[in-house]
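What follows is the residue order along each chain.
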Amino acid sequence: MKSAVLVFPGINRERDMARALKLASGNDAAMVWHADTALPAGTDLVVVPGGFSYGDYLRCGAIAARAPVMDAVRDFAAKGGLVLGVCNGFQILCESGLLPGVLMRNAQLKFVCRDVHMKIERSDTPFTRGYNAGQVIRVPVAHGEGNYEADEETLKRLEGEGRVLYRYCSPEGVVDEASNFNGAANSIAGIVNERGNVLGMMPHPENHVEEIMGCTDGRGLFAGLAQHLKAA
Amino acid sequence: MKARVTVTLKTGILDPQGKAIEGALKSLGVDGVASVRQGKVFDIELAATDKAKAEAALKAAADKLLANTVIENYRVELLS
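Definitions and limits used
Residues numbered from 1 in each chain as written. Chains lettered and ligands numbered in written order. Predicted model: local features only at pLDDT ≥ 70, side-chain atom pairs only at ≥ 80, totals over all residues. Heavy atoms only, no water. Helix = DSSP H or I, 4+ residues; strand = E, 2+ residues; numbered from the N terminus. Rg over C-alpha atoms; globule rule 2.2 N^0.38 Å. Buried < 20%, exposed > 50% of the residue type's maximum accessible area, 1.4 Å probe, protein only. Contact = heavy atoms within 4.5 Å. pLDDT = per-residue confidence, 0-100. Pairing = 2+ DSSP bridges. Axes fitted to C-alpha atoms, helices over the stretch in contact; angles between N-to-C directions. Core = buried A, V, L, I, M, F, W, Y, C linked by side-chain atoms within 4.5 Å.

Across its full length, chain A holds five helices and 11 strands. For 232 residues, the compact-globule formula gives about 17 Å, and the C-alpha radius of gyration of chain A, at 16 Å, lands near that figure. Over its C-alpha atoms, taken along the principal directions, chain A stretches across nearly 45 × 35 × 35 Å. Per-residue burial over chain A gives 56% buried out of 232 residues. Of the contacts made within chain A by residues no fewer than 6 positions apart, 75% connect residues no fewer than 24 positions apart.

Below is the structure:
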């Protein structure tokens, strides 16, 4: 696995992400600056980490989505390369047109920073093969704009094509209003694009990968990716 | 040339910030507030003097960056 972590001004989770990637694959991730116009040769995974790119000015992720490096990411994704966007990274992928829909203000207008539970909807994707379908994992969230919304037709397509990979749920795995803390449509926590090679998710799996963090539920995502890219 | 681009949420898109402002206005006792929708205003100075070119540039600016057309509408006005 040769991963590249994008770095924009105002991003703050890039080191956590690089650490999780190294833990899973044994390889150092390349840190790629937003003004670069190419990804390192041989890159097989691009990660857009969380944080507050450009201070969330204009709209979350809007300015980062138009950075020079994003053209290279679009080309990479068009060729089938794997792209993972977490939190602000999810917002950037939506703003860049790589994923449909938009992340609006949390329905309760509050920034939420705590652990939540999410259900793995299917295990037959590079992003979920480290888990079992139906498995519930605990992951931290930290966002004010994570309320995923899309028009009705888009939501229908996402559901119909099995493109919702992660959904907020109770610790017991029940998807209900009470566990949908940010008001996201259909409790959506993470989706993939049509081709299934670009994932955006609001929770931070990279912050639950080591014993010292109190939970290692996030490991499966990175282990699965490493396994997938080793096999490829 | 001075111009103004106004970006507003499309009808039907939930606007929790507008709702919060609406509630605050009502609690202040401001009379007759039926509803509030929040938007953004961009005042832009252009080097162009040609009206058509200026409008085209502003439209490009709005489409490419200022508005997320999934959820927002925009209006372009030339002020002088």
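Here we come to the confidence of the model for chain B. Residues and elements named next belong to chain B. Model confidence for chain B is summarised by a mean pLDDT of 93, while 100% of its residues fall at 70 or above. Mean pLDDT in chain B bottoms out at helix α1 (residues 16–27), which sits at 91, and peaks at strand β2 (residues 39–45), which reaches 97. The ipTM, which scores confidence in the relative placement of chains, is 0.84 for this predicted complex, and the corresponding pTM is 0.94.

As a general point, the strands of a sheet are linked pairwise by backbone hydrogen bonds and lie either parallel or antiparallel. All names here are of chain B. In space, the three strands of this open sheet follow the order β2-β1-β3, with antiparallel pairing throughout. Across the chains shown, the open sheet's two edge strands, defined by having one partner strand only, are β2 and β3 (72–78). On average, each strand axis in the sheet is inclined to that of its neighbour by 15 degrees, with strand direction left out of account. Strand direction decides the pairing type here: strand β1 (residues 2–9) and β3, joined by seven bridges, are antiparallel. What sits directly across from Thr6, in β3, is Arg75.

Moving on, we come to the nonpolar core. Among the nonpolar cores identified, the biggest contains 72 residues, and A:Leu6, A:Phe8, A:Leu84, A:Tyr148 and A:Tyr166 are the most heavily contacted of them. The element contributing the most residues to this core is helix α2 (residues 69–78) of chain A, with six residues. With residues up to four places along the chain from it excluded, the contact list for A:Leu84 reads A:Leu45, A:Val46, A:Val47, A:Val48, A:Leu93, A:Phe127, A:Leu199, A:Met201, A:Leu221, A:Phe222 and A:Leu225. In terms of nonpolar packing, the next biggest core, distinct from the first, is built from 10 residues, B:Ala3, B:Leu46, B:Leu58 and B:Ala67 among them.

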